[in-house]
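Overview (structure and organization)
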Amino acid sequence: MRKVLVGVKRVVDYAVRVRVSADKSGVELANTKMSMNPFCEIAVEEAIRLKEKGAAEEVVAVSIGPKQAQETLRSALAMGCDRAIHVQTDIRSDQGLNPLAIAQLLEKVVEKESPDLVIVGKQSIDGDHATTAPMLAELLGWSQATFAARLDVAADGASAEVERETDAGTEVVKLPLPAVISADLRLNTPRYPKLPNIMKAKKKPLEALEAADLGVDLAPTLVVTGVAPPPDRAAGVTVESVDDLVDKLKNEAAVI
Amino acid sequence: MRSALRRAVGEATRRRAASTLVIADHDGSAMTAATLSAMTAAGKLAPSSAVLVAGAPAAVAAEAAAMAGVDKVFHVEAAPSGKGVADFVTAGGFSHVLAPVSNNTKDFVPRVAAALGVSPVTDVCDVLGEDTFVRPFYAGNALATVEATGAVKVVTVRATAFDKADAAGGSAAVEAADVAAAGAEKAKFVSASAGSSDRPDLTAARVVVSGGRGMKEGANFAMLEKVADKLGGAVG
């Protein structure tokens, strides 16, 4: 394959305990640690491995977001991507930018770059939509394999075999390229970029485009009108004996 | 009093009722229990729904026809394309398309939404109205109330958030549906490997047994598995 395009997203760091803002308009993001979405890291890692195996010549990272998304792109470059594209928009990426708009913006980047393979994370840990890969594949008329746990690209670069997670276990599918793959947890363990690569990343090309200039309607059709914390969990009950437990399971929880 | 009544009746008839289509979830040979939860969610929008059984044999269509709240089952045996289902939705004038969340529907329903030119609302845990849904995000640490303003709402629902509708008692008609089949772009199935457990799937289990620090050590988790086996539950 000549080129792999990897989508990456800057999200609240997975270890941060998020809080809903006082005005209930969204999650509080001010002064919050942001990082590359974990599933995006896995996507980048897989793309780099394809290049290291000789299955791809070039890996391009793309991110849609505010100016700070460029930090996430530099991380992708430090992991080994060759080039980066920043699609700039200040629309709130955890709840303002709609799934369709994201897929349409990526479609424009695919039209520009003509990659043979697009890899994205299965979902972002902020929005949790899990829609980018299938929506992009549909817009492009391409094949897709979501929840990839293993990816093997054929030597002739014309097809790929993917083992993907299903509700019952896993399944192996074969699909023609070009295709869109979404990375799941078991696909790989991403590398930590080494310092020399972090320094090299600063010099790698990063192109900035304005989302508003790409001919995509960014106006949301899904509007978040309020955000609330989840309901408090009811307290658990300690039981004194097995008979007590069986009684509660039978008469209160009605499971037996 | 009479004019208020007249106004209310006028309003009810002026507002177009939601026309709902539930996409049945299946594994190729049987409908999943999660589909019954999608029926309940659909029931919050309209008194009955059409059901689409696509990519599965007639036996699955028969299962769907037996559910409570179904006015008609549309059946097509060949796996459909996203555009095929989108065209079917448009032709049928459906205002809402629902499906339960599963790895199958997560793979397919967003393609339908993209073909319809709308953003889907995924993993919904409450239906507040025809345009308004609640979905968890930030790994369930926040709940978002979402207003869907598109002409067609495509919604996937979290099965554990909606009680299962009755699986039996219904007797809807099954009609052959003309839905374009998926083309060469569809990934071809090579093989499957089932998880080693025949316990129910966590997303649809009636009972979930979980353990924590009280179990003291990993070996003791075998006790939880025995309880789960007795209760017919999942461990999670």
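Anything mentioned here points back to the structure above.
The shown structure was predicted, so the numbers you read here are calculated from the model rather than taken from an experiment. The residue numbers shown here count from 1 along each chain, following its written sequence. Chain A is the first chain written and ligand 1 is the first ligand written, with later ones labelled in order. Whole-chain, interface and lining totals are the exception, using all residues; otherwise, since this is a predicted model, local features are given only for residues with pLDDT of at least 70 and side-chain atom pairs are given and counted only at 80 or more. The basis for every side-chain value is the complete set of heavy atoms in the structure, and neither hydrogens nor water enter the calculation.

Attention shifts here to the overall build of chain B. Secondary structure elements are defined from DSSP: runs of H or I of at least 4 residues count as helices, runs of E of at least 2 residues count as strands, and each element is numbered from the N terminus. Scanning chain B from terminus to terminus reveals six helices and 13 strands. Exposure classes here rest on a 1.4 Å probe applied to the protein chains alone. A residue is buried below 20% of its type maximum, exposed above 50%, and partly exposed in between. Within chain B, the fraction of its 236 residues that count as buried is 45%. Residue contacts are counted whenever heavy atoms from the two residues lie within 4.5 Å of one another. Counting contacts in chain B only where the partners sit at least 6 residues apart, residues at least 24 apart contribute 67% of the total. For chain B, the exposed area adds up to about 11,400 Å²; of that, 54% sits on carbon and sulfur atoms. Method for areas: the Shrake-Rupley scheme with a 1.4 Å probe, in which residue coverage is limited to the protein chains shown.

Another aspect to go through is the packing of helix α4 (residues 82-91) of chain B against helix α5 (residues 103-116) of chain B. A packed helix pair is summarised by two numbers, namely the angle formed by the two axes and the spacing between the axes. Residues and elements named next belong to chain B. Close contact between α4 and α5 brings their axes to 8 Å; oriented N to C, the two are set at 60 degrees. Of the possible angle classes, the one that applies to α4 and α5 is oblique. The crossing of α4 and α5 is right-handed. Facing α4, whose interface residues are Gly 82, Lys 83, Val 85, Ala 86, Val 89 and Thr 90, α5 presents Phe 108, Arg 111, Val 112, Ala 115 and Leu 116. In this count, Pro and Cys sit with the nonpolar residues alongside Ala, Val, Leu, Ile, Met, Phe, Trp and Tyr, while Asp, Glu, Lys and Arg are called charged and the others, Gly among them, polar. Looking at the contact of α4 with α5, its residues break down into seven nonpolar, two polar and two charged. Axis lines are fitted through C-alpha atoms, for helices just across the contact stretch, and the angle between N-to-C directions can take any value from 0 to 180 degrees. Angle categories are assigned with fixed cut-offs, so that under 35 degrees is roughly parallel, over 145 is roughly antiparallel, 65 to 115 is roughly perpendicular, and the rest are oblique. Here is the rule for handedness: rotate from the far helix to the near one, and if that takes an anticlockwise turn smaller than a right angle the crossing is left-handed, while a clockwise turn gives right-handed.

Another aspect to go through is the interface of chain B and chain A. Counting residues at the interface gives 49 residues for chain B and 58 residues for chain A. Buried area between chain B and chain A, summed over both chains or domains, comes out near 4,100 Å², and the portion from carbon and sulfur atoms is 53%. Once two parts are put together, the accessible area they lose, assessed with a 1.4 Å probe and summed over both, is termed the buried area. Its largest share of buried area at the contact with chain A, chain B owes to Asn103(B), Arg111(B) and Tyr138(B), together 18% of the area lost on that side. Definition of a polar contact: a pair of N or O atoms within 3.5 Å, with one able to donate and the other able to accept a hydrogen when the atoms are protein atoms, and with sequence-neighbouring residues admitted only if both atoms are side-chain atoms. Scanning the region where chain B abuts chain A turns up 27 residue pairs in polar contact (both at pLDDT 80 or more). For the side of chain B that touches chain A, the elements supplying multiple residues, two or more each, are α4, α5, β5 (121-124), β7 (132-137), β8 (142-148) and β11 (188-194) of chain B. The biggest single contributor to the side of chain B that touches chain A is α5(B), with nine residues. At least two bridges found by DSSP between two strands are what make those strands a pair. In the sheet, strand β12 (residues 222-228) of chain A pairs with β8(B) via six bridges, with the strands oriented antiparallel. Considered in β8(B), the bridge of Leu222(A) is made with Ala148(B).

This next bit is on helix α2 (residues 34-43) of chain B. Three- or four-residue spacings in an α-helix give side chains the same orientation, since the helix completes a turn every 3.6 residues. All names here are of chain B. Across the 10 residues that make up α2, a large majority, eight, are buried. Those residues of α2 lying buried are Ala 34, Thr 35, Leu 36, Ser 37, Ala 38, Met 39, Ala 41 and Ala 42. Here the buried face of α2 lies against β1 (20-23), β2 (49-54), β3 (70-76), β4 (96-100), β6 (126-127) and β9 (153-157).

Before going further, it helps to examine the sheet that holds strand β11 (residues 206-210) of chain A. Spatial ordering of the open sheet is given by β11(A)-β5(A)-β4(A)-β1(A)-β6(A)-β10(A)-β7(A)-β8(A)-β9(A)-β11(B), a layout of 10 strands whose pairing is mixed. The strands lining the two open edges of the sheet, one partner per strand, are β11 of chain A together with β11 of chain B. Looking at each pair of strands side by side, their axes are set apart by 35 degrees on average, direction ignored. Examined bridge by bridge, strand β1 (residues 3-7) of chain A and strand β6 (residues 117-121) of chain A share three bridges and lie parallel to one another. Within β6(A), the position partnered with Val6(A) by the bridge is Ile119(A). Sheet strands in contact with α5(B) are β7 (143-153) and β8 (159-165) of chain A, and its direction is about 125 degrees off that of β7(A).

The next point concerns the pattern of salt bridges. Pairing is possible between side chains of opposite charge, provided their charged atoms come close. Residue and element names in this part refer to chain B. Should a side-chain nitrogen of Lys or Arg be within 4 Å of a carboxyl oxygen of Asp or Glu, the pair is scored as a salt bridge. Counting across every chain of the model gives 25 salt bridges over all chains. A salt bridge links Arg 158 to Asp 123; the shortest N-O distance between them is 2.8 Å. Taken together, the residues Arg 158 in the loop between β9 and β10 (173-176) and Asp 123 in strand β5 connect sequence positions 35 residues apart. A salt bridge links Lys 153 to Asp 131; its shortest N-O distance comes to 3.3 Å. You can see Lys 153 sitting in strand β9 and its partner Asp 131 sitting in the loop between β6 and β7, a full 22 residues away along the chain.

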